Amino acid sequence: MLLSCVACSKDNGHNESILYGTWVKGKNYGDTLSFLRKNDINLLVYENSFNVSYPGQVQTEYIFNDNKLTLISSSSLGPIKQDIKSFTWTRYGKEFRVIGTQLYPFMSSLTVFTYTKIN
């Protein structure tokens, strides 16, 4: 008789909760990202402007799977997925880098932002 024991992990690779909290890249307006769960949806909330006189808060659904961040926005044609290919951990769970144009399409340079978790 051959017995086989296979363990299954409850973690299916989806680990969105590691991003839950507030992340900052500086002290200025628009330098904060908030990852949270609301109504069973993972959301990224941030200002889509660096100008305090022209605020524009964005809320978009996100998926974080196998250390890859994907933003999901709605359109009349259905959901649009945008892979944030530049996302990389510099300190796992505490600090990451991303090219600014992938979050802020109005930017014209490929500035790399470093976000640090504050809570």
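Residues numbered from 1 in each chain as written. Predicted model: local features only at pLDDT ≥ 70, side-chain atom pairs only at ≥ 80, totals over all residues. Heavy atoms only, no water.

Participant: Just to check I follow, could you spell out the packing of aromatic side chains for this structure?
Facilitator: Working definition: an aromatic ring pair is given by the centre-to-centre distance plus the angle between the planes. Considering all chains together, one arrives at 14 aromatic pairs under this definition. Note on Tyr46 and Tyr104: the rings are 5.6 Å apart at their centroids and 90 degrees apart in plane angle, and the pair reads as edge-to-face. Residue Tyr46 is found in strand E3 (residues 41-47), and its partner Tyr104 is found in the loop between strand E8 (95-99) and strand E9 (112-117); the two are separated by 58 residues along the sequence. Considered together, Tyr46 and Tyr104 belong to a single accessibility category, that of buried residues. Pairwise contacts between aromatic rings join Trp23, Phe35, Tyr46, Tyr62, Phe64, Phe87, Trp89, Tyr92, Phe96, Tyr104, Phe113 and Tyr115 into one cluster. (Phe/Tyr/Trp six-rings, centres within 6.5 Å; stacked < 30°, edge-to-face > 60°. Helix = DSSP H or I, 4+ residues; strand = E, 2+ residues; numbered from the N terminus. Buried < 20%, exposed > 50% of the residue type's maximum accessible area, 1.4 Å probe, protein only.)

Participant: Explain the confidence of the model for the protein chain to me, please; I cannot follow it from the model alone.
Facilitator: Reading fine detail from the predicted coordinates is not recommended where pLDDT is low. Across the protein chain, the average pLDDT comes to 83, with 81% of residues at or above 70. At the level of individual helices and strands, the protein chain shows its lowest average pLDDT in strand E5 (residues 68-75), which scores 90, and its highest in strand E7 (residues 88-91), which scores 97. In this model, residues 1-13 is a region of pLDDT below 50 whose contacts with residues beyond four sequence positions or in other chains number four contacts. (pLDDT = per-residue confidence, 0-100. Contact = heavy atoms within 4.5 Å.)

Participant: How should I be thinking about the pairing of E7 in this particular structure?
Facilitator: Remember that side chains alternate between the two faces of the sheet whenever the strand is regular. Examined bridge by bridge, E7 and E8 share three bridges and lie antiparallel to one another. Note that in E8 the partner of Thr88 across the bridge is Arg97. Hairpin remark: E7 followed by E8, antiparallel, with three residues in the connecting loop; positive phi at Gly93, about 75 degrees. (Pairing = 2+ DSSP bridges.)

Participant: Where do I start with the pattern of salt bridges in this structure?
Facilitator: Note that side chains of opposite charge can pair when their charged atoms are close. Enumeration over the complete set of coordinates arrives at two salt bridges. As a salt-bridge pair, Asp31 and Lys25 come within 2.7 Å of each other at their nearest N and O atoms. Under the relative-accessibility criterion, Asp31 is labelled buried at 5%. Under the relative-accessibility criterion, Lys25 is labelled partly exposed at 26%. (Salt bridge = Lys/Arg side-chain N within 4 Å of Asp/Glu carboxyl O.)

Participant: Honestly, the side chain of Ser86 in this entry has me stumped. Any pointers?
Facilitator: Within the secondary structure layout, Ser86 lies in the loop between strand E6 (78-84) and E7. Separated by 2.8 Å, the side chain of Ser86 and the backbone nitrogen of Ile99 make a polar contact. (Polar contact = N/O pair within 3.5 Å; in protein donor to acceptor, adjacent residues only side chain to side chain.)

Participant: Would you mind showing me how to read the side chain of Thr22 here?
Facilitator: With respect to the helices, strands and loops of the structure, Thr22 is situated in strand E1 (residues 21-24). Relative accessible area serves as the criterion here: at 18%, Thr22 is assigned to the buried category. Setting aside residues no more than four positions away along its own chain, Thr22 makes contact with Thr32, Leu33, Ser34, Thr116, Lys117, Ile118 and Asn119.

Participant: Got a minute to help me understand the pairing of E1 in this structure?
Facilitator: Where E1 meets strand E2 (residues 32-38), four bridges bridge the pair, whose relative direction is antiparallel. Bridging across to E2, Val24 finds its partner in Thr32. In the sheet, E1 pairs with E9 via two bridges, with the strands oriented antiparallel. In the strand pairing of E9, Val24 is matched with Thr116.

Participant: Looking at this structure, how should I read the nonpolar core?
Facilitator: For soluble globular proteins, the rule of thumb is that nonpolar side chains tend to be buried together. Residues Leu19, Leu33, Phe35, Leu69, Phe96 and Tyr115 are the most contacted members of the largest nonpolar core, which totals 21 residues. What Phe96 contacts, discounting residues up to four positions off in sequence, is Leu19, Trp23, Leu33, Phe35, Phe87, Thr88, Trp89, Thr90, Phe113, Thr114 and Tyr115. (Core = buried A, V, L, I, M, F, W, Y, C linked by side-chain atoms within 4.5 Å.)

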